[in-house]
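# Fold and geometry: a report
Here is what each chain is made of, one letter per residue.
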Amino acid sequence: MNDIAIETRDITKRYGSAANGVLALDRVSVAIPKGTVFGLLGPNGAGKTTLIKLLTGIADITSGDARVAGFDVRRQSLAVRSRIGWVAAEVILDDEFSAWENLWLQARLQDLPDWQGRAEQLLRYFELSDRKTDRVSHFSTGMRKKLEIALALLHQPEVIFMDEPTIGLDVSTRRMIWEIVTGVHREFGVTVLLTTHYIEEADALCDRIGIIDHGRIIATGTPSELKSRVRSDVIQLESKEPIDPVRLRALPGVQDVRAQGNEWQIRVPSADEFLPRLFATIQTDQIRRISVEQPSLETVFLELTGHRIGSDEPMRDIRKFYAQVRRARG
Amino acid sequence: MRSQLWGLYLREVVRTFRNPFVLLLTVVQPFMWLAFFGSGFSQFAKEAASEFGTSNYIAFLLPGVLSTSMLSVGMFGSMSTIQDKRFGFMKRILITPTSKEVIFLSKAFGAATRGLVQIPVMVAAALAFGVTFSLSPLEWAVWVLALLFGAIGFSSMFLAITASSTDWQTPGVVSNFITMPLMFSSAALYPSSGFPVWMQWISKFNPISYSAEFGRSLVLGSGIVWVDLGYLALFAGVMLTIGYFVSARWLRVE
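Sequence positions are assigned chain by chain, starting from 1 and proceeding in written order. To read the labels, note that chains go from A and ligands from 1, taken in the order they are written. Reporting in this predicted model follows two pLDDT cut-offs: at least 70 for local features of residues, and 80 or more for side-chain atom pairs to be given and counted; totals over whole chains, interfaces and linings ignore these cut-offs and use all residues. The side-chain figures draw on all heavy atoms in the structure; neither hydrogens nor water molecules are used.

### Brief notes about the overall build of chain A
Secondary structure elements are taken from DSSP: a helix is a run of H or I of four residues or more, a strand is a run of E of two residues or more, and numbering for both begins at the N terminus. Across its full length, chain A holds twelve helices and 14 strands. Across the 330 residues that make up chain A, the buried fraction comes to 51%. Throughout, a contact is declared for two residues whenever any of their heavy atoms are within 4.5 Å. For chain A, the proportion of contacts with a sequence separation of at least 24, taken over those separated by at least 6, is 68%. Classification of residues uses two cut-offs on accessible area relative to the type maximum, computed with a 1.4 Å probe and protein chains only: under 20% is buried, over 50% is exposed, and between them is partly exposed.

Below is the structure:
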């Protein structure tokens, strides 16, 4: 029990009434060990941010139990809130204040008597020392994000929640934030719960991942555990001439063959072993294009949910979801 | 709680002083009343000096205008709260061991402090308009205290009414709804002796009347009316208590 930083048991969040409300989270149970970077991966509207709101005490849990840093989120809210840090999806700082004044305010809010040394250390770590007296409204997005992470670390929290830490950032800033998250986890030894809808982000940063869709956690595991759930490689083949599907299906190891005109999808246990057999059957000059898709979190997500993480289908669901939430809130 | 309250209160004050436009507006609005309403009405007041208790209408008006200004600063407290909700800062505050009640107190005291900024400027303006002051230090102190009570009471009232709102327009609408009736049914701009009976009843309970008459008694040399000060302290206390509990229950985070 002591090794668990975050534990939820069947937590449910419903906006509005039981009859007409919207179920944002449906009996979510997770156990996140101390010292891990746990990623909640799912499309927009899946319930990721709602889970963070419940765990940080910003929204009330409809039913179920949750413990963070050893304390009950509902009954020991103040104890939880003094042990967690939070990094918002949109950077939230006081723009009228300097970096140092933002740290001062955070220290006040966390009731820290001796915070200056730690604040100086964090500013050095995030390479913001020379800008500490500048108003944060003059900071770049990357600097603002770094300061926000520094605020979250000021009181030496046990757990940090990062809600979509790289949403809306350009590629280089995103890479920088990835390095920071990894560095922060290593240097400061905190447990990190981050949400993302970027598959490569979850893959790059997280020790463990929970795949969330329509308010339910469908699978949890390390990235490699999740990928091993999808054992097949998919060979995408485009031929110059029509191929007889019977010839392809007859090849040893073929699990499934799908065709659309001269484009083929062949599912096999191992592309490495299958490709020589394929080339022995079809002459290579008949092949216009060939590629292999190996198990990735993208294919895992597709297999588990039936849709791709960024497809239009969930976007329609999200619009519907928010429309329902608005109606439920009146 | 003290640490959080002091931090958030100072944030309110610092933000006010770093925004010269807001500061200017805070001071200019009551000054306009003094300059335009005061000057426009002074001849009439001179003719009815027995009703007004003085022939200098600006001396009569100053405590009234300062009292109604304490009402309007409440709106700024609400606007600042709604801004924090809209920009997510409320979440940043609440994901720390800070309670909603502390946020309410910081906003109420912050708005009240902003209101007090008006006092020296308005007194200086009244001096320029020819008003003479012969108040003792104690009288100055209790006058400021009375205005502070009014400001705390009204800002608490505004914050309680708008606790669950996230709409920018709400404080303005509430202000229009509250300010006009409270201002015109008080003794802030003219003596209440000429009111119809039903308005006199409203005026009897209206804190602006107490605040205006308390200040007027000091400016016109009649001394401290402790009962009025007591009423204003009670008003502040009741509103602060209501706002405290309303915020704990209904203050929306976003």
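### Structural notes on helix α1 (residues 2–18) of chain B
The length a helix should cover is 1.5 Å for every residue beyond the first. The terminal C-alpha atoms of α1(B) lie 24 Å apart, and with 17 residues this matches the ideal 24 Å at 1.5 Å per residue to within 8%. Regarding α1(B), the residues found buried are Ser3(B), Gln4(B), Leu5(B), Gly7(B), Leu8(B), Tyr9(B), Arg11(B), Glu12(B), Val13(B), Arg15(B) and Thr16(B). In this structure, the buried side of α1(B) is in contact with α3 (99–109) of chain A together with α2 (20–47), α4 (57–86), α5 (89–94) and α6 (100–116) of chain B.

### What about the domain arrangement of chain A?
All names here are of chain A. Domain start and stop points were drawn from an automatic or database domain assignment. Here chain A is described as being made up of domain 1 (1–83 + 160–169 + 186–229 + 295–330) and domain 2 (231–294). With seven residues of domain 1 at the interface, the matching set in domain 2 holds six residues. The term buried area refers to how much accessible surface (probe radius 1.4 Å) is lost by two components on association, counted for both of them together. For the domain 1 and domain 2 pair, buried surface summed over both sides reaches about 460 Å², with 38% attributable to carbon and sulfur atoms. The set of elements that each furnish at least two residues to the side of domain 1 that touches domain 2 consists of α8 (223–229) and α11 (297–305). Polar here means any residue other than Ala, Val, Leu, Ile, Met, Phe, Trp, Tyr, Cys and Pro, which are nonpolar, and Asp, Glu, Lys and Arg, which are charged; Gly is therefore polar. The residue makeup of the side of domain 1 that touches domain 2, split by class, is one nonpolar, three polar and three charged.

### Re the sheet that holds strand β8 (residues 191–196) of chain A
Residues and elements named next belong to chain A. A pair of strands counts as paired when DSSP detects no fewer than two bridges linking them. Here six strands make up an open sheet; going across it, the order is β6-β7-β8-β3-β9-β10 and the pairing mixed. Among the strands making up the open sheet, the edge pair consists of β6 (84–87) and β10 (216–221). Between one strand axis and the next, the sheet turns by 15 degrees as a mean value, whatever way the strands run. Across the face of the sheet, helix α5 (residues 141–153) comes into contact with β6 and β7 (159–163) while running at roughly 165 degrees to β6. To get an axis, fit a line to the C-alpha atoms, keeping to the stretch in contact for a helix; angles then go from 0 to 180 degrees between the N-to-C directions. Where α11 meets the sheet, its contacts fall on β3 (37–41), β9 (208–213) and β10, and the angle it forms with β9 comes to roughly 40 degrees.

### A few points about the interface of chain A and chain B
If you look at the interface, chain A gives 26 residues, while chain B gives 23 residues. Roughly 2500 Å² of surface becomes buried between chain A and chain B when both sides are summed, with 60% attributable to carbon and sulfur atoms. Summed over the three residues of chain A that lose the most area to chain B, namely Ile58(A), Trp86(A) and Leu109(A), the buried surface amounts to 28% of that side. The shortest N-O distance in the salt bridge between Arg11(B) and Asp94(A) comes to 2.5 Å. Elements represented by at least two residues in the side of chain A that touches chain B include exactly α1 (48–56), α2 (77–81), β6, α3 and α5 of chain A. A per-element tally of the side of chain A that touches chain B places α3(A) first, with seven residues. Residues belonging to the side of chain A that touches chain B are distributed by class as follows: twelve nonpolar, four polar and ten charged. Note on definitions: salt bridges are taken to be side-chain nitrogens of Lys or Arg within 4 Å of carboxyl oxygens of Asp or Glu.

### Topic: the pairing of β9(A)
Consecutive residues of a regular strand have side chains that alternate between opposite faces of the sheet. All names here are of chain A. For β9, the tally of buried residues reaches five of six residues, placing the bulk of the element in the interior. Two strands pair when backbone bridges link them, and β3 and β9 are joined in this way by four bridges, in the parallel orientation. Across the sheet, residue leucine 40 finds its bridge partner in β9, namely glycine 210. With five bridges connecting them, β9 and β10 associate as antiparallel partners.

### Comments concerning the sheet that holds strand β2 (residues 22–33) of chain A
Hydrogen bonding along the main chain pairs the strands of a sheet, whether they run parallel or antiparallel. Residue and element names in this part refer to chain A. Spatially, four strands are ordered β2-β1-β4-β5 in an open sheet, and the strand pairing comes out antiparallel. With one partner strand each, in any of the chains shown, β2 and β5 (71–72) form the two edges of the open sheet. Bridge count for strand β4 (residues 63–68) against β5 is two bridges, and the pairing is antiparallel. Bridged to arginine 67 within β5 is aspartate 72. Packed on one face of the sheet, α1 meets β1 (4–15), β2 and β4 and runs near 115 degrees to β1.

### As for the environment of Glu120(A)
Residues and elements named next belong to chain A. Summarising the element assignment, glutamate 120 is placed in helix α4 (residues 116–125). Between the alpha carbons of glutamate 120 and arginine 186 there is a distance of 19 Å; along the sequence they are 66 residues apart. Glutamate 120 has contacts with Trp100, Ser129 and Lys132, leaving out every residue within four places of it along the chain.

### A short note on the confidence of the model for chain A
Per-residue confidence from the predictor is reported as pLDDT, which spans 0 to 100. Averaged over every residue, the pLDDT of chain A is 87; residues scoring 70 or more account for 93%. Mean pLDDT across the secondary structure elements of chain A bottoms out at helix α12 (residues 312–329) of chain A, with 57, and peaks at α3(A), with 97.

### Some words on helix α6 (residues 171–188) of chain A
All names here are of chain A. Across its 18 residues, α6 extends 25 Å between first and last C-alpha, which sits within 8% of the 26 Å expected from 1.5 Å per residue. Among all positions in α6, only Thr173, Arg174, Ile177, Trp178, Ile180, Val181, Gly183, Val184, His185 and Phe188 are buried. Packed against the buried residues of α6 are β3, α4, α5, β7, β8 and α7 (199–205). Where α6 ends, the next residue or the one after it, glycine 189, has phi of about 60 degrees, a positive value.

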